[in-house]
Amino acid sequence: MANEKKEKIIELIGIKREFEDGTVAVDNVDLYVRKGEFITFLGPSGCGKTTTLRMIAGFDKPTEGKILLNGEDISNLPPNMRPINTVFQRYALFPHLNVYDNIAFGLKLKKQKVTYQDENGNEIVKIEKLSKGEIAQKVEKALKMVDLEGFEKRSVATLSGGQQQRVAIARAIVNEPKILLLDEPLGALDLKMRKDMQLELKEMHRKLGITFIYVTHDQEEALTMSDTIVVMKDGVIQQIGTPTDIYNEPKNSFVADFIGESNIFSGTMVGDKKVRFIGYNFDCVDEFEKNEKVDVVVRPEDIFLMDADKGQVKGKIISSIFKGVHYEMVMLVGKTEVVIQDTVERKVGEEVSIIIKPNDIHIMSKEFTSNKYLGYITKKNTVVFGDGEFECDVTQLYPNSFLDDEGYLITAEGEKIDLTDVDVNVEVGLKDIEISDDQEKGGAIGNIISIIYKGDHYQLIVRTDENEEDYVFDTEYTWNVNDRVSIIIPKEKIKLTLKQEIKK
Amino acid sequence: MIKKFFARGWVFLVLAFIYIPIFILIVYSFNNGKTIGVWEQFSFKWYGKLGEIKDVVLNTVLLAVISATIATILGTLGAIGLYYSKGKFGKVVNGASQIPVVNSEVVTACALVMLFMIIGAEHRSLFGLYVGHIVLTAPFVVLSVIPKLKQMDSSLYEAALDLGATPTQALFKVVLPEILPGVFTGFMLAVTLSLDDYIITATLAPLGYDTISTAVYKAIALTTEKASEQVPIYRALTTVIFIITLSVVVISNVRAQKIAKRKGVK
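Residues numbered from 1 in each chain as written. Chains lettered and ligands numbered in written order. Predicted model: local features only at pLDDT ≥ 70, side-chain atom pairs only at ≥ 80, totals over all residues. Heavy atoms only, no water.

(A) Inspection of the packing of aromatic side chains at higher detail. A full pass over the atoms with the stated rule returns 23 aromatic pairs over all chains. Relative to B:Tyr47, the ring of B:Phe44 has its centre 5.9 Å away and its plane inclined at 70°; by these criteria the two rings are edge-to-face. On the basis of relative accessible area, B:Phe44 is assigned to the exposed category, the value being 53%. In this structure an aromatic cluster arises from ring pairing among A:Phe265, A:Phe277, A:Tyr280 and A:Phe282. The ring centre of A:Tyr32 lies 4.6 Å from the NZ or CZ of A:Lys8, which sits over that ring. Against the face of A:Tyr247 rests A:Arg299, its NZ or CZ located 4.1 Å from the ring centre. (Phe/Tyr/Trp six-rings, centres within 6.5 Å; stacked < 30°, edge-to-face > 60°. Buried < 20%, exposed > 50% of the residue type's maximum accessible area, 1.4 Å probe, protein only. Lys NZ or Arg CZ within 6 Å of the ring centre and 35° of its normal.)

Encoded structure:
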């Protein structure tokens, strides 16, 4: 891209913004923007994108870190001294001024150096305000830019939302800022107008050639308009990249989920460029360690629907919704739902199969901190998960509850609950699993499929036969791959939570 | 039908209680005699004597306008400061600024007397009187400006800074025009309160310095022969004030209607 050669116009170094009440809105943000770039901060509300923009504008000061403009530190420069203008979310037009005076507001305050020559030919530099003629000319040009010629005398209160938006843009660009900041400027417009304005803004960016920094929570807007997208979450940058990069190669499951619709599966690498999820070994293009736990992202439009037996994985359609251009269908594979978009509808209940191409499988490393399973409670108040049955403490499902003589759970309120067949989420820590050669001793049986030495301990993965459930845990003892072992988990280490509230 | 009759009758009764006394006063201001209830002859005699109390009127108007102007400036700045002050300190100051509004005037007056005595100043002085009226009215200005600030889009101030205005320029060019209706209401409120005030004026005014309220009181209490002579003149003054007030109300209502009509056409 041409931008790559251009210099950095603004640079954020280690920016942190902590509010008085202790909440950290922006944390450790490092970022630079190149001259002439259209960059978008994208994220859900409360992700710190607006705070970051406010710090660039000067309305907020970073608690830590520096903001450089053309290499100069501007962290402590007040907003009126920065060559940066903002288009505000709710326009912030001055209601007591008409369109012309709103746009001329910045120009009337502006002072510029003018060089004169006196009779002796010496140069005299004077600081002067812009003349009325100059101001009128610039305002006219700005109004033309936003297609509002002839609106000079109108009161801003009589303008429609879209027209107010244009005045707000004109008011900012008329000052010829180095950087234009746009804080969700299209948020208050209706869909059709928003689409039109997106294209117009993009065109304006091309014509003006200044740097645009845009803030939005609308991923589609970001993808349409930007050269670069910065995805943020909880005050931290998740990924910086071009729209194509962000869409096709999301760095983590958050980005994948936020940008467009996606299926996110947990998978395991089973070989060189081979990943296993929804019960099939798919070829892929990303290289990861064998047996590494990964998140797999597949876009719904990248899944090909075939007749049963023709594809890689078989399943059954459980829902189908018409979405205008395509149908959005959900296929059930085992217990996993796969969202598919296709122009050809498959009826609910139909047996189908799917094909996913290696290029469309996006793999991201997973932060693995505990084993998570879906399970259910038995009549004996044990829990079944991961192809095994384990003793557990069911009273943790309800605070201050206890079991009566017949095995019913009595809650703190004195209610009697039968837990048989109740679905639960099961969580087991990496340090809470032991294995034994004695296959009668544990709750589940499997083979060791991976042993990774982690400095002072080994990380093992045991996989069961039936549903290929994995148990990941740390141990100090040496084992061999392919040893057949049983899984032992102490009763108190099995953490249970209700999948959903039971009807009483 | 009967219900309607009673409803109307009730409204009429209420209005009668408000306006009949004023009406009687106006009628007797044109009476040649001194006593209400004894009609002697139609005359403009008391209007001719209005000049006798011109000092009192001037004192009152000057006091009202000057103290209200100062109170409006202080109150507006105070309101802006309060609105932007954050945290615990802001809350405390905000609460404290509203106490004078609900506080009894007698307390304010006595407190001021004590303050002047403590700092060793003469407690009856023109300066003290003005201070008293400003203390009385400024909180009402704050009270009428704060809602306007709350209504204002908070990004307007930031927008002004963003476009290159210094904080002072932003205040005068953007914030002030936005809250001007509140400032004006506050000023009018301050003028009215000051015009009406008796307790603070009676407590703090220099001896022999009278405003309309203290003068009327003295006249009615018949403290001196001269004062009793002046009672009918105040009837004439009341009539004049009433007519001025009435015309102001009528004119402003007509103007408001015209503006509403013009906006309606658009």
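(B) Molecular detail of unusual backbone geometry. Residues and elements named next belong to chain A. One non-glycine residue, aspartate 147, lies in positive phi territory at about 60°. Along the polypeptide, aspartate 147 turns up in the loop between α3 (132-145) and α4 (161-173). At asparagine 482, a residue that is not glycine, the phi angle is positive and equals roughly 80°. Mapped onto the elements, asparagine 482 comes out in the loop between β33 (470-475) and β34 (484-488). (Helix = DSSP H or I, 4+ residues; strand = E, 2+ residues; numbered from the N terminus.)

(C) Geometry of the sheet that holds strand β26 (residues 402-403) of chain A. Residue and element names in this part refer to chain A. If you trace the three strands from one edge of the open sheet to the other, you get β26-β27-β28, paired in antiparallel fashion. Two strands lie at the open edges of the sheet, namely β26 and β28 (416-417), each paired on one side alone. As paired strands, β26 and strand β27 (residues 409-410) are joined by two bridges and run antiparallel to one another. Looking at the pairing, phenylalanine 402 lines up with isoleucine 410 of β27. (Pairing = 2+ DSSP bridges.)

(D) Region of interest: the pattern of salt bridges. Applying the stated criterion across every chain, the model contains 27 salt bridges over all chains. Between A:Arg90 and B:Asp153 there is a salt bridge, with its nearest N and O atoms 3.7 Å apart. You can see A:Arg90 sitting in the loop between β6 (84-87) and α2 (99-109) and its partner B:Asp153 sitting in the loop between α6 (126-151) and α7 (155-162), one on each of two chains. According to the relative accessible area criterion, A:Arg90 is exposed, its value standing at 58%. Linking A:Glu203 and A:Arg206 is a salt bridge whose minimum nitrogen-to-oxygen distance equals 2.6 Å. A residue pair is termed a helical-turn pair when its members lie 3 or 4 positions apart in one helix, as A:Glu203 and A:Arg206 do in helix α5 (residues 191-208) at three residues. We classify A:Glu203 as partly exposed; its relative accessible area is 32%. Here the salt bridges do not stand alone but share partners, grouping A:Arg17, A:Arg54, A:Asp60 and B:Glu158 into one network. (Salt bridge = Lys/Arg side-chain N within 4 Å of Asp/Glu carboxyl O.)

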